[in-house]
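# A look at the structure
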Amino acid sequence: MQVIDLRSDTITRPTPSMRKAMADADVGDDVFGEDRTVNRLEEMAAERMGKAAALFVPSGTMANIVSQLTHCGRGDEMILGDQSHIFIYEQGGSAALGGIHPRPLPNHPDGTLAIQDIQAAIRPDNVHFPRTRLLVLENTHNRCAGTPLQVDYMARAGTLARQHGLKVHVDGARIFNAAVALNVPARDLAADADSISFCLSKGLGAPVGSLVCGTRDFIEEARRNRKVLGGGMRQAGIIAAAGIVALTEMVTRLADDHANARRLAMGLSDIPGLSVDTAAVVTNIVYMDITQKGMTGQALSDALAGEGVRMLPTGPKRLRAVAQHHVAGEDIDRALGVIRNIMTR
Ligand SMILES: *Cc1c(COP(=O)(O)O)cnc(C)c1O
């Protein structure tokens, strides 16, 4: 039985052309700045995001912590969403490693923070208060239905931040999903960001790696912070080569994942005992709430796994499914049949 794995887009394995590029990669010591493949990936990433420079790091988590450490000193405050990946899933690294004070604001269901909430959270100059340094936005927003934040929202938040001397970091782990869904260049979504991170190892299918993009000065300092975290990699061109293929060959196909996620959401909304906000599904992530009495997210996930369909429990009565490039439209239909059987038996 072929397993249909909808737990995450991080399970994607490298494509044949990535494996070939990795085998053929021209490499050097990247800590000496001598890996031409890494340098080329960094230039490409900077260009895609409309920034002067970029830095290759092993993971999205490192991209985010390096960015936070570069923007903020100890005791500085960072405004971010209470549903954000940085706040929930990164071990509180900002506080643990950087002494950065997180100021979580409620995320709206569409992943935004209310502009007036941000405004109200910015601290005045007063000896009692920490200094507000950084605003963090997440695009697409993982826990908020994978929703893409729109260009005009990013601009409004960016304008407010600049008026108050704040920096803006965008956790753009899935920024290309946002760009494809909104049909805008990724750089338009990055225009108001002082720094933006994105992942190669999710829907883009590369085995490892993320990038941080920003000004030349920012990236120079970020490079120091990457090194102290142990993220200085040597012949990293081996993995960067796959990242170059990811950027050149794997971006436009994200539209297929979005179509599959929609197909899944529409099908799920027809199954008794499940509730799905179908209108919210515009990228590759689908959340379903279990309304059936006695059924839990874990129990449904276990039952599905027994039938070769994998989904991720993200709450007592909640599951997440993510479309990715090893899953075709027919697989979605087969998964829907399996779920329907379980929910109606
Ligand atoms: C996956 C993800 C990250 C972290 O990436 P890792 O490579 O798993 O460390 C950060 N932010 C968001 C929104 C993510 O989805």
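## Section: the pattern of salt bridges
Side-chain pairing between opposite charges can occur once the charged atoms of the two side chains come close. Counting across every chain of the model gives 17 salt bridges. Arginine 133 is the salt-bridge partner of aspartate 76, the closest N and O atoms lying 2.9 Å from each other. Placement of aspartate 76 in the loop between α3 (60–71) and β3 (77–81) and of arginine 133 in strand β5 (residues 132–138) is noted, with a sequence separation of 57 residues between them. Residue classification places aspartate 76 among the buried residues on the basis of a relative accessible area of 8%.

## Things to note about the site of the ligand
In the vicinity of the ligand, the contacting residues are Ser59, Gly60, Thr61, Asn64, His85, Glu90, Glu138, Asp171, Ala173, Arg174, Cys199 and Lys202. Aspartate 171 has a polar side-chain atom sitting 2.6 Å from a nitrogen atom of the ligand. A distance of 3.0 Å is found between an oxygen atom of the ligand and a side-chain nitrogen or oxygen belonging to arginine 174. In the complex, the protein chains occlude 84% of the 380 Å² of accessible area that the ligand would expose alone. Considering every element that reaches the shell around the ligand, the biggest residue donor is α3, with three residues. Taken together, the residues of the shell around the ligand break down into two nonpolar, five polar and five charged.

## Quick notes on helix α13 (residues 297–306)
Buried within α13 are the following residues: Gly297, Leu300, Ser301, Ala303 and Leu304. The buried side chains of α13 occupy one side of the element, clustering within an arc of 165 degrees when seen end-on. Looking one or two residues past α13, glycine 308 carries a phi angle of roughly 85 degrees, positive in sign.

## Focus on the nonpolar core
Among the nonpolar cores identified, the biggest contains 55 residues, and Phe56, Ile118, Leu135, Phe176, Phe198 and Leu200 are the most heavily contacted of them. Per-element tally for this core: the top contributor is helix α11 (residues 237–249), with seven residues. The residues touching isoleucine 118, leaving out its near neighbours within four places in the chain, are Ile79, Leu105, Leu113, Leu135, Tyr153 and Leu160. If you look at the next biggest cluster of nonpolar residues, it comprises 30 residues, including Ile4, Leu6, Leu304 and Leu319.

## Thoughts on the side chain of histidine 169
Assignment of secondary structure puts histidine 169 in strand β6 (residues 167–171). If we skip the residues at most four places from it in the chain, histidine 169 touches Asn64, Ser67, His71, Ile86, Leu134, Leu135, Val136, Leu137, Ser195, Ile196 and Ser197.

## Details of the domain arrangement of the protein chain
One can read the domain layout of the protein chain as domain 1 (12–249) and domain 2 (253–343). Here the C-alpha centroids of domain 1 and domain 2 sit 28 Å apart. Across the contact, 19 residues belong to domain 1 and 16 residues belong to domain 2. Taken together, the two surfaces of domain 1 and domain 2 that pack against each other cover about 1400 Å², and 57% of this comes from carbon and sulfur. When the area that domain 1 buries against domain 2 is broken down by residue, the three leading residues are Thr12, Ala145 and Asn177, summing to 31%. Inspection of the region where domain 1 meets domain 2 yields zero salt bridges.

Conventions we followed
- Sequence order as written defines the numbering, with residues in each chain counted from 1.
- Whole-chain, interface and lining totals are the exception, using all residues; otherwise, since this is a predicted model, local features are given only for residues with pLDDT of at least 70 and side-chain atom pairs are given and counted only at 80 or more.
- To get the side-chain values, take all heavy atoms of the structure and skip hydrogens and water.
- For this document, the term salt bridge refers to a Lys or Arg side-chain nitrogen within 4 Å of an Asp or Glu carboxyl oxygen.
- Strands are runs of DSSP state E lasting at least 2 residues, helices are runs of H or I lasting at least 4, and numbering of each runs from the N terminus.
- Only protein chains enter the accessibility calculation, which uses a 1.4 Å probe; a residue whose area is less than 20% of its type maximum is buried, one above 50% is exposed, and one in between is partly exposed.
- The nearness test applies per residue and asks whether one of its heavy atoms lies within 4 Å of the molecule or strand.
- The definition of a polar contact used here is a pair of N or O atoms within 3.5 Å, where within protein one atom must be able to donate a hydrogen and the other to accept one, and adjacent residues in sequence count solely through side-chain atom pairs.
- The protein chains shown are the only cover counted for residues, whose accessible areas, like all others here, come from Shrake-Rupley with a 1.4 Å probe.
- In this classification, Asp, Glu, Lys and Arg are treated as charged, Ala, Val, Leu, Ile, Met, Phe, Trp, Tyr, Cys and Pro as nonpolar, and every other residue, Gly included, as polar.
- Comment: arc refers to directions from the helix axis out to C-beta atoms.
- As used here, the term nonpolar core means buried Ala, Val, Leu, Ile, Met, Phe, Trp, Tyr and Cys residues forming a set that is joined through side-chain atoms within 4.5 Å.
- Residues count as neighbours in contact if any of their non-hydrogen atoms are within 4.5 Å of one another.
- Where each domain begins and ends follows an automated or database-derived domain assignment.
- When two parts are brought into contact, each loses some accessible area as probed by a 1.4 Å sphere; the total of that loss over both is the buried area.

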